[in-house]
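Take a look at the letters that make up each chain.
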Amino acid sequence: MVELEIEQDARFQRRDWIAQRVGWVVLAVIAALGLAGLLGGGGPLSHAEAGDAALHASFDRFVHRHAESELELSVDPGLATDGLLRLRLDRAYAGALGVTPATPEPMATATGGNDLIYTYAVTGQSPVRLRFTIQAGSIGRHHGAIAVGTHAPVRLDQFAYP
């Protein structure tokens, strides 16, 4: 009968076992974060809403660089002046996240101080629904604000992943 001489390194095997278990835990945490929506895409924590009944924003809290996302606004027509709704969007936020109006197109676009000003014609008494396209150009946390007239601004806080 032939006997095999196999060396065993118990210390190496123990370290290997620990490394495998740590790897499994890391993969499980990444999967849980993804399912929760913290890595972008769907999930209960990925979507955010801000504002009140007069000025309300709905947006993705986590976005990916160069991937399109939407910012939806609902604006009470009572905030309009002389049939015109002038929406102010923080210019630094709009530049960092590549915010562009999608629907409906504004009548006019202007700059004023640190803001981009979009002007819309308002008819009727139903809330004005506006949709903007976001395509983050830089990675990191981005803060911004949207305001109409003297109404309190709505604060936006998003994070862009690579």
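On a predicted model such as this, the values are computed, not experimentally measured, just so you know.

Q: Account for the nonpolar core, with residues named and values stated.
A: Formed by 31 residues in total, the largest nonpolar core has its most connected members in Leu-71, Leu-73 and Phe-132. Of all the elements, strand E9 (residues 128-135) adds the most residues to this core, at four residues. When near neighbours in sequence (up to four residues on either side) are disregarded, Phe-132 contacts Ser-69, Glu-70, Leu-71, Leu-73, Leu-87, Val-99, Thr-100, Pro-101, Ala-102, Tyr-118 and Tyr-120.

Q: Break down the sheet that holds strand E1 (residues 47-51) for me, with residues and values.
A: Taken in spatial order, the five strands line up as E1-E2-E4-E9-E6 in an open sheet, and their pairing is antiparallel. Bordering the open sheet on either side are E1 and strand E6 (100-103), each of which pairs with just one other strand. Shown here is a sheet whose adjacent strand axes are inclined to one another by a mean of 25 degrees, direction ignored. As defined by bridge partners, E1 adjoins strand E2 (residues 55-60) across five bridges and the pair is classed as antiparallel. Looking across to E2, one finds that Ala-50 is bridged to Ala-57.

Q: Help me get a handle on unusual backbone geometry, residues and values and all.
A: Its identity as a non-glycine residue notwithstanding, His-66 has a phi of 70 degrees, on the positive side. Assignment of secondary structure puts His-66 in the loop between strand E3 (62-64) and strand E4 (68-75). Of note in the backbone geometry, Asp-82 takes a positive phi value of approximately 55 degrees without being a glycine. Position of Asp-82 relative to the elements: it lies in the loop between E4 and strand E5 (84-90).

Q: How would you sum up the sheet that holds strand E10 (residues 140-148)? Please name residues and give values.
A: To summarise the sheet geometry, strands pair through backbone hydrogen bonds and adopt either a parallel or an antiparallel arrangement. Overall, mixed pairing links the six strands, which are arranged E3-E11-E10-E5-E8-E7 in an open sheet. Bordering the open sheet on either side are E3 and strand E7 (108-112), each of which pairs with just one other strand. Geometrically, the sheet is characterised by an average inter-axis angle of 30 degrees between neighbouring strands, direction not taken into account. Examined bridge by bridge, E5 and E10 share three bridges and lie antiparallel to one another. If you follow Arg-88 over to E10, its bridge partner there is Ala-147.

Q: Break down the pattern of salt bridges for me, citing the residues and quoting the values.
A: Should the charged atoms of two oppositely charged side chains come close, the side chains can pair. Considering all chains together, one arrives at four salt bridges under this definition. The shortest N-O distance in the salt bridge between Glu-70 and Arg-131 comes to 3.1 Å. Taken as a pair, Glu-70 in strand E4 and Arg-131 in strand E9 lie far apart in primary sequence, 61 residues in all. Taking the relative accessible area as the measure of exposure, Glu-70 reaches 37% and is therefore partly exposed. Among the ionic pairs, Arg-88 bridges to Asp-115, the shortest N-O distance being 3.6 Å. On the criterion of sequence distance, the pair formed by Arg-88 in strand E5 and Asp-115 in strand E8 (residues 115-121) is long-range, its members being 27 residues apart.

What counts and how
Residues numbered from 1 in each chain as written. Predicted model: local features only at pLDDT ≥ 70, side-chain atom pairs only at ≥ 80, totals over all residues. Heavy atoms only, no water. Core = buried A, V, L, I, M, F, W, Y, C linked by side-chain atoms within 4.5 Å. Buried < 20%, exposed > 50% of the residue type's maximum accessible area, 1.4 Å probe, protein only. Helix = DSSP H or I, 4+ residues; strand = E, 2+ residues; numbered from the N terminus. Contact = heavy atoms within 4.5 Å. Pairing = 2+ DSSP bridges. Axes fitted to C-alpha atoms, helices over the stretch in contact; angles between N-to-C directions. Salt bridge = Lys/Arg side-chain N within 4 Å of Asp/Glu carboxyl O.

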